[in-house]
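Structural overview for review
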Amino acid sequence: MGRIDARKRRKSNKERIRKWEQDFYKTNPLALLARRLRIRTWEVLKRKRFNKASKLKEYIGCQHDKLKSWIESLFLPGMSWENRKEWHIDHLVPLAIARTAEEVYTLNHYTNLRPLWKSENIAKNKRLPDSLPEYIHPSIQLIYQNGQQHYRDWETDRKSTRLNSSHSAKSRMPSSA
């Protein structure tokens with residue numbers, strides 16, 4: 001009964017709640033960071049058809065204030081909470097390589113997160129880094145190693161498929177004799 005009432009209340013006060021949320025997140029960058037991590041994790045779990053089973057604090061591996069300090073310690077020159085729209089929170093080992101819900105949660109550990117300029121993060125896309133910093137959680141290192149092998153296999157398959165399709169396309173072309 002309470003859940004239905006809350007939905008009705010939220011629906012009838014939609015604009016007021018949206019305005020409050022905008023103001024709240026403008027003045028609380030840490031809350032915005034936590035919200036974005038929750039949403040991003042939920043999106044990946046949903047896309048891979050996994051069920052959400054943990055809370056943010058459980059899989060991040062630290063409290064929000066430590067997460068904020070961690071991110072600040074990795075700020076590149078010119079980064080601040082005031083220019084937050086100019087940079088992203090990057091997953092060193094991308095969420096895209098996760099094969100299980102547990103791996104999605106593990107890859108959200110704070111040691112796998114870093115601030116990165118927006119343009120660099122977009123250019124990086126889902127690529128794995130060449131190497132990982134020593135501070136990365138051991139479980140993430142294991143996923144990274146498995147992901148490297150999986151990525152190499154995928155690249156090999158992709159290249160051989162491309163070669164085979166180009167060979168078959170050439171064989172279908174009439175000869176110019």
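Our subject in this report is the structure included herewith. In this text, all values refer to a predicted model and were calculated from it rather than measured experimentally.

1. Remarks on the pattern of salt bridges
Opposite charge on two side chains lets them pair, provided their charged atoms get close. Taken as a whole, this structure holds 4 salt bridges when the rule is applied. Across the salt bridge formed by aspartate 90 and arginine 114, the nearest N and O atoms sit 2.7 Å from each other. With aspartate 90 in strand 1 (residues 87-91) and arginine 114 in strand 2 (residues 113-117), the pair connects residues that are 24 residues apart, well separated along the chain. A salt bridge links aspartate 90 to lysine 124; the shortest N-O distance between them is 3.0 Å. In this pair, aspartate 90 is assigned in strand 1 and lysine 124 in helix 7 (residues 118-124), connecting sequence segments 34 residues apart. Overall, the relative accessible area of 3% leaves aspartate 90 in the buried class. Each of the salt bridges in this network shares a partner with another, and the network as a whole consists of Asp90, Arg114 and Lys124.

2. Notes on the environment of glycine 147
Here glycine 147 lies in helix 8 (residues 138-172). Once the C-alpha coordinates of glycine 147 and isoleucine 97 are considered, the two residues, 50 residues apart in sequence, prove to be 6.0 Å apart.

3. Some details on the side chain of asparagine 112
As for its position among the elements, asparagine 112 is in the loop between helix 6 (101-106) and strand 2. By relative accessible area, which is 0% here, asparagine 112 ends up buried. At a separation of 2.9 Å, a polar atom in the side chain of asparagine 112 contacts the main-chain amide nitrogen of valine 93. Apart from the residues within four sequence positions on either side, asparagine 112 is in contact with Asp90, His91, Leu92, Val93, Leu107, Ile136 and Ile140.

Conventions used here
- Just so you know, the residues in each chain are numbered from 1, in the order the chain's sequence is written.
- Reporting in this predicted model follows two pLDDT cut-offs: at least 70 for local features of residues, and 80 or more for side-chain atom pairs to be given and counted; totals over whole chains, interfaces and linings ignore these cut-offs and use all residues.
- For the side-chain quantities, the full set of heavy atoms in the structure was used; hydrogens and water were omitted.
- Take a side-chain nitrogen of Lys or Arg and a carboxyl oxygen of Asp or Glu: if they are within 4 Å of each other, that pair is a salt bridge.
- By the criteria applied, helices consist of DSSP H or I runs no shorter than four residues and strands consist of E runs no shorter than two, each listed in order from the N terminus.
- Any residue under 20% of the maximum accessible area for its type is buried, any over 50% is exposed, and the rest in between are partly exposed; the area is computed with a 1.4 Å probe on protein chains only.
- Within 3.5 Å is the distance limit for a polar contact, defined as a pair of N or O atoms, with the added protein rule that one can donate a hydrogen and the other accept it, and that residues adjacent in sequence qualify only through two side-chain atoms.
- Contacts are residue-level and defined by heavy atoms, with any inter-residue pair within 4.5 Å sufficient.

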